[in-house]
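# Observations on chain architecture
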Amino acid sequence: MEKGKSSCVNCGTELQGTFCHSCGEKQIDQKDKSLIHFLEEFVASVFFADGKFFKTIKLSITKPGELTRSFVAGIRKKYLSPLQLFFFANLIYFIFPVISTFNTTLDVQMYQLPYSSSVRPVVEQYLEIRQVDPDVFKVEYERASNANGKLLLIVLVVLQGLFLKLLFLRKKKLYLIDFFAGSAYFYGFYTLFILVLFPTLFNWFSSLFSFGLASSINELSLSIIFMLIIIGYMFTMLKRAYDTSNKGALWRGILLGIFIIPSFIIYRYILFWVTFWTVT
């Protein structure tokens, strides 16, 4: 029987293509019965159905902004949703925390952040009034902070989404949800590749060279490299996703790269209070 005249094995409808237009069943061919295809389906099903995961990851690297552009255009089925990628990336980060970006210790909260002078007396007063052992409190606080940090990461998406909306205030055809989508896709990329993959490869290459690659690049150098990657990624993302000019994408990309610093400070401030209230 010719392929064009085949009937669906599931519902009997005459096929007009590879998939049944009535029930969606796929017409099986010789390729579908190969071991390689079986393994491909297995790997795809482990991560996400229909290979969405691999398509999404590929586009996030090769075409920054294409996922957001598709989302704005109403193309939703082909790729992971913004929040799916965001939460998957953060799951990977918390399983493999190569860089402690989102985990904020009590000492950092009390002594190393711009608002530390305002929260330190709160902690000290609580310890004095309740007669709590500082070491015991620190352990409880950091355990709760680690758990709360995973839940509060969405704050970063919201903050950047609002800032993006402000930068594109004159574009009335774009909705706030379009900027939240772009923000979630960006943080998915940022977490997977800048916080997990890049440091992992860096540490691996460092271990291969006896002269010590890690010693030749200090924290300041890494920060500059990360910032340049972020601004470059932002530039391409904004240009493709929101159809803006090179000049418009450049100045917005620079501002967004800089905005990451205060947004992380706000995130940590919120994280402190939520954690403090949960352990007191």
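The text that follows walks through the structure, step by step, so that each part is easy to find. Every residue gets a number counted from 1 within its own chain, in the order that chain's sequence is written. The predicted origin of the model limits local features to residues at a pLDDT of at least 70 and limits the giving and counting of side-chain atom pairs to 80 or more, whereas totals for whole chains, interfaces and linings rest on all residues. Where side-chain values are given, they derive from all heavy atoms of the structure, hydrogens and water being excluded.

### What about the overall build of the protein?
- Numbering goes from the N terminus for both helices and strands, where a helix is a DSSP run of H or I of at least four residues and a strand is a run of E of at least two. Secondary structure assignment for the protein yields 12 helices and zero strands.
- When the helices and strands of the protein are listed from N to C terminus, the series reads α-α-α-α-α-α-α-α-α-α-α-α.
- A 1.4 Å probe rolled over the protein chains alone gives each residue an accessible area, and that area as a share of the maximum for its type sets the label: buried under 20%, exposed over 50%, partly exposed in between. Within the protein, the proportion of its 280 residues that are buried is 40%.
- Contacts are assigned to residue pairs that have any heavy atoms within 4.5 Å of one another. Contacts in the protein between residues at least 24 apart in sequence constitute 66% of all its contacts with a sequence separation of at least 6.
- Accessible area for the protein stands at about 16400 Å²; split by element, carbon and sulfur atoms hold 63% of it. A 1.4 Å probe and the Shrake-Rupley method give the accessible areas. Residues count as covered only by the protein chains that appear here.

### Details of unusual backbone geometry
- Phi is positive for glutamine 131, which is not a glycine, with a value near 55°.
- The topology assignment puts glutamine 131 in the loop between helix H6 (116–130) and helix H7 (134–152).
- When its relative accessible area of 67% is taken as the criterion, glutamine 131 is described as exposed.
- Positive phi, close to 50°, is recorded for aspartate 243, a residue that is not glycine.
- Inspection of the secondary structure assignment puts aspartate 243 in the loop between helix H11 (219–241) and helix H12 (246–279).

### A word on a nonpolar patch on the surface
- Together, Leu91, Ile95, Phe96 and Val98 make up a nonpolar patch on the protein surface, roughly 370 Å² of accessible area in all.
- You can call valine 98 partly exposed: its relative accessible area is 32%. Surface patches are drawn from residues lacking salt bridges whose relative accessible area is over 30%; two like charges belong together within 9 Å, two nonpolar side chains (Val, Leu, Ile, Met, Phe, Trp, Tyr) within 5 Å. Throughout this description, the term salt bridge denotes a Lys or Arg side-chain nitrogen within 4 Å of a carboxyl oxygen of Asp or Glu.

### Points about the environment of glycine 188
- Looking at the secondary structure, you find glycine 188 in helix H9 (residues 176–208).
- The exposure class assigned to glycine 188 is buried, which follows from its relative accessible area of 0%.
- Residues glycine 188 and glutamine 84, 104 residues apart in the sequence, show an inter-C-alpha distance of 8.9 Å.
- For glycine 188, the contacting residues outside a window of four places in its chain are Leu85, Phe86 and Ala89.

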